[in-house]
Amino acid sequence: MSGIAPAAFLDPALLAGISDLSLLARTVVDGFLHGLHRSVRTGTSLDFAEHRPYQPGDDLRRIDWRVYGRTDRFYLKTYEADTNADVMLVLDSSGSMDFASGRLTKFDYARYLTASLAWLAQRQGDRVGLVTVREEMVDVVPPSTRHLNLLLHTVAASTAAGEGRLPRVLEKVAQMRGRSGMVVLISDCYEEPAALCRAVGGLRSRGHDVMVFHLTDPAERDLPYGAPGTFEDAETGIRLPLKPEELRDRYRAMVVEHAAALSRGLAAANVDYQAVGTEQPLDGALRAFLDRRLMGTKVR
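Residues numbered from 1 in each chain as written. Predicted model: local features only at pLDDT ≥ 70, side-chain atom pairs only at ≥ 80, totals over all residues. Heavy atoms only, no water.

(A) Molecular detail of the layout of surface pockets. In this structure, the largest pocket spans a volume of roughly 1,500 Å³. Lining of the largest pocket is provided by 38 residues; of these, Y190, E220, D233, Y251 and V255 occupy positions nearest its centre. Secondary-structure elements contributing two or more residues to the lining of the largest pocket are β7 (209-216), α10 (218-222), β8 (229-232), β9 (239-242), α11 (244-268) and β10 (272-277). Per-element tally for the lining of the largest pocket: the top contributor is α11, with ten residues. Looking at the lining of the largest pocket residue by residue, the class counts come to 20 nonpolar, six polar and twelve charged. (1 Å grid on protein atoms, 1.4 Å probe; cavity = no way out; pocket = protein on both sides within 12 Å on 5 of 7 lines; lining within 4 Å. Points joined across faces, edges and corners; volume = space filled by probe spheres on them. Helix = DSSP H or I, 4+ residues; strand = E, 2+ residues; numbered from the N terminus. Nonpolar A, V, L, I, M, F, W, Y, C, P; charged D, E, K, R; others polar.)

(B) Looking closely at the sheet that holds strand β5 (residues 137-144). The sheet built from six strands is open, its strands ordered β5-β4-β3-β6-β7-β10 with mixed pairing. Sheet topology places β5 and β10 at the edges, where each strand pairs with a single neighbour. Averaged over all neighbouring strand pairs, the angle between strand axes comes to 15°, with direction disregarded. As defined by bridge partners, strand β6 (residues 182-187) adjoins β7 across six bridges and the pair is classed as parallel. Pairing of M182 across the sheet is with D209, part of β7. Along the sheet, helix α6 (residues 106-123) contacts β3 (86-92), β4 (127-133), β5, β6, β7 and β10; its crossing angle with β3, the most-contacted strand, is approximately 175°. Strands β4 and β5 of the sheet are contacted by helix α7 (residues 148-157), whose axis makes an angle of about 20° with β4. (Pairing = 2+ DSSP bridges. Axes fitted to C-alpha atoms, helices over the stretch in contact; angles between N-to-C directions. Contact = heavy atoms within 4.5 Å.)

(C) Structural detail: empty space enclosed by the protein. Across all of its chains, the model carries two cavities of 30 Å³ or more by this definition. Approximately 60 Å³ is the volume attributed to the largest cavity. If you trace the largest cavity, you find it lined by D92, S94, S96, V133, R134, G164, R165, L166, D188, Y190, E191 and E235. Across the lining of the largest cavity, the residue classes tally to three nonpolar, three polar and six charged.

(D) Region of the structure containing α7. Along α7, the residues that are buried comprise L148, L151, L152, T154 and V155. On an axial view of α7, the arc spanned by its buried residues comes to 160°, and they lie on one face. Facing away from the buried surface of α7 by more than 90 degrees, the exposed residues are N149, H153 and A157. (Buried < 20%, exposed > 50% of the residue type's maximum accessible area, 1.4 Å probe, protein only. Arc of directions from axis to C-beta.)

(E) Geometry of the side chain of E220. As for its placement among the helices and strands, E220 is situated in helix α10. If we skip the residues at most four places from it in the chain, E220 touches F99, K106, Y190, Y251 and V255.

(F) Structural view of the nonpolar core. L117, V184, F213 and F289 are the most contacted members of the largest nonpolar core, which totals 44 residues. Elements supplying a minimum of two residues to this core: α3 (21-36), β3, α6, β4, α7, β6, β7 and α12 (283-299). Looking at this core element by element, the count peaks at eleven residues for α6. Non-local contacts of F213, meaning those with residues more than four positions away in its chain, are made with L113, L117, V184, L185, I186, S187, Q274, V276, A285 and F289. (Core = buried A, V, L, I, M, F, W, Y, C linked by side-chain atoms within 4.5 Å.)

(G) View of the state of the cysteines. For the structure shown, the criterion picks out zero disulfides. Of all cysteine sulfurs in the structure, the one in C197 sits closest to C189, which takes part in no disulfide; the separation is 8.6 Å. For C197, a relative accessible area of 9% puts it in the buried group. (Disulfide = S-S within 2.5 Å.)

(H) Structural view of unusual backbone geometry. Positive phi is not limited to glycine here, since C189 has a value of about 55°. The exposure class assigned to C189 is buried, which follows from its relative accessible area of 1%. Backbone geometry places N270, a non-glycine residue, at a positive phi of 60°. Inspection of the secondary structure puts N270 in the loop between α11 and β10. With relative accessibility at 42%, the residue N270 sits in the partly exposed group.

(I) The arrangement of the confidence of the model for the protein chain in detail. Averaged over the protein chain, the pLDDT score is 83; the fraction of residues at 70 or greater is 82%. Across residues 38-45, confidence stays below pLDDT 50; counting only partners more than four residues off in sequence or on other chains, it has 14 contacts. (pLDDT = per-residue confidence, 0-100.)

(J) Up close: the packing of helix α8 (residues 166-176) against helix α9 (residues 193-205). Between α8 and α9, whose axes approach to 9 Å, the crossing angle comes to 5°. Here α9 runs roughly parallel to α8, going by the angle between their axes. Counted together, L166, P167, L170, V173 and A174 of α8 and A195, L196, A199, V200 and L203 of α9 form the full contact between these two elements. Counted by class, the contact of α8 with α9 contains ten nonpolar, no polar and no charged residues. (Parallel < 35°, antiparallel > 145°, perpendicular 65-115°, else oblique.)

Right, dumping it as structure tokens:
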């Protein structure tokens, strides 16, 4: 074994064949944890903490049967990250997310990632909530240990459309959040980096652990098109005639600088930044989340 989860559990293109989002999330997380248990980093992410009595609804697979054999009572193994924190997932559902050069749109990938993070956080004992955002907040599911099914249903029913105003709507998310916890933004980050970093930094200044997943499609990074054509802004509908071959080098440099500006600005605000291509498996994003989650646990 290489210590990596089977690709079928984490490859977004293969996961697209699963229509049930709950089943998809469980498949992804089980596959991820299966690989994690065999990785050299297991000890840093899932260190055993203590036993606690079994409660109705707990995952039966976490029962420690050796303890049962000695005590005739059910106890579960808990780990360092099991601390019942609030994890609020912020899903960008603006029109630019509805783009794909391959099988999956950015929004499809974002929905898979959101559902998988929710499932993973729930397994860590966290209260999980959701906000979908465009110009305004669209759907709000308050953090709770009982809201996973509602959250998954909301994600499954959501669509990407309209214009986005991330900096403004993130300020409203910050005002809405009372108790400090973890906030995870999943977006293509089509905003001015300075404005977006200020808004995300506002969440950090209120005591939240914040993480940003920046999703990109391969065609957005490379501009692979050859023939001249008319390109349309997915949010505003503005159309421009372009010759890709003449613009490609300059365009790629601007894309790289945009990501670099986001990375620098968010690092300055002590916010984790994770660039994710929609052609990549989900395990990298899940691992980054779990590492950040564990770091927040140790800080508290």
